[in-house]
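Residues per chain are reported as follows:
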Amino acid sequence: MVSEEVISRQYESVKQNFPKLNQPVRVGEVWEISGAIDVIDDENYPWATYDVKIIVPKKYPEEIFSIARNWRANSEKIGMA
């Protein structure tokens, strides 16, 4: 299993770019990170938000993590209001 030290260190570097991600939580033999990732345009306006759950496998980094997501559009910006 990936150590808490490794997960915490990598989470802190990712958190700088994705501040809506929550702290990692150990679930059995894997780690889960839930939260949201915004899609921002060149004018710094948010177009969409992905609600995500990142699952870090016990053999990470030998095995790649998986991401489950849901998408929410900013309806005002893309003319859906």
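The structure contained in this document is the topic of the report that follows. Keep in mind the model is a prediction, meaning the values are calculated, not measured.

### What about the overall build of the chain?
Okay, so step 1: Helix and strand counts for the chain stand at 1 helix and 4 strands.
Okay, so step 2: For the chain, the N- to C-terminal ordering of α and β elements is α-β-β-β-β.
Okay, so step 3: Looking at the 81 residues of the chain, the share that counts as buried comes to 20%.
Okay, so step 4: In the chain, the proportion of contacts linking residues at least 24 apart, taken out of those at least 6 apart, comes to 31%.

### Some details on the pattern of salt bridges
Okay, so step 1: Evaluation of the coordinates by the stated rule reveals 4 salt bridges.
Okay, so step 2: Lys-58 is paired through a salt bridge with Glu-29; the nearest N and O atoms lie 2.9 Å apart. A residue pair is termed long-range when its members are at least 10 positions apart, and Lys-58 in the loop between β3 (46-56) and β4 (66-73) and Glu-29 in the loop between β1 (25-27) and β2 (30-40) qualify at 29 residues.
Okay, so step 3: A relative accessible area of 39% places Lys-58 in the partly exposed class.

### Notes on the nonpolar core
Okay, so step 1: Residues Val-2, Ile-7, Tyr-11, Leu-21, Trp-31, Ile-33, Val-52, Ile-54 and Val-56 constitute the largest nonpolar core, which totals 9 residues.
Okay, so step 2: Contributions of two or more residues to this core are made by α1 (4-15), β2 and β3.
Okay, so step 3: The element that contributes the greatest number of residues to this core is β3, accounting for 3 residues.

### Looking at the pairing of β3
Okay, so step 1: Relative to β3, β2 is paired through 10 bridges, and the arrangement is antiparallel. Paired with Trp-31 across the bridge in β3 is Val-56.
Okay, so step 2: Remark: 5 residues form the turn of the hairpin made by β2 and β3, two consecutive strands paired antiparallel; Asn-44 in that turn has positive phi of roughly 65°.

### So, unusual backbone geometry
Okay, so step 1: In this chain, Tyr-60 is followed by Pro-61 through a cis amide linkage whose omega measures 15°.
Okay, so step 2: On the secondary structure map, Pro-61 appears in the loop between β3 and β4.
Okay, so step 3: Positive phi is not limited to glycine here, since Asn-44 has a value of about 65°.
Okay, so step 4: Within the secondary structure, Asn-44 is located in the loop between β2 and β3.

### Points about the packing of aromatic side chains
Both the distance between ring centres and the angle between the ring planes are used here to describe each pair of aromatic rings.
Okay, so step 1: Summed over the entire model, instances satisfying the criterion amount to 1 aromatic pair.
Okay, so step 2: Between Tyr-60 and Phe-65, the aromatic rings sit 6.5 Å apart at their centres with planes inclined by 55°, giving tilted as the arrangement.

### What about the side chain of Thr-49?
Okay, so step 1: By the secondary structure assignment, Thr-49 is in strand β3.
Okay, so step 2: A polar atom in the side chain of Thr-49 sits 2.7 Å from the side chain of Asp-38.

Reading guide: rules and limits
Residues numbered from 1 in each chain as written. Predicted model: local features only at pLDDT ≥ 70, side-chain atom pairs only at ≥ 80, totals over all residues. Heavy atoms only, no water. Helix = DSSP H or I, 4+ residues; strand = E, 2+ residues; numbered from the N terminus. Buried < 20%, exposed > 50% of the residue type's maximum accessible area, 1.4 Å probe, protein only. Contact = heavy atoms within 4.5 Å. Salt bridge = Lys/Arg side-chain N within 4 Å of Asp/Glu carboxyl O. Core = buried A, V, L, I, M, F, W, Y, C linked by side-chain atoms within 4.5 Å. Pairing = 2+ DSSP bridges. Phe/Tyr/Trp six-rings, centres within 6.5 Å; stacked < 30°, edge-to-face > 60°. Polar contact = N/O pair within 3.5 Å; in protein donor to acceptor, adjacent residues only side chain to side chain.

These values are about where atoms sit, not about what they do.
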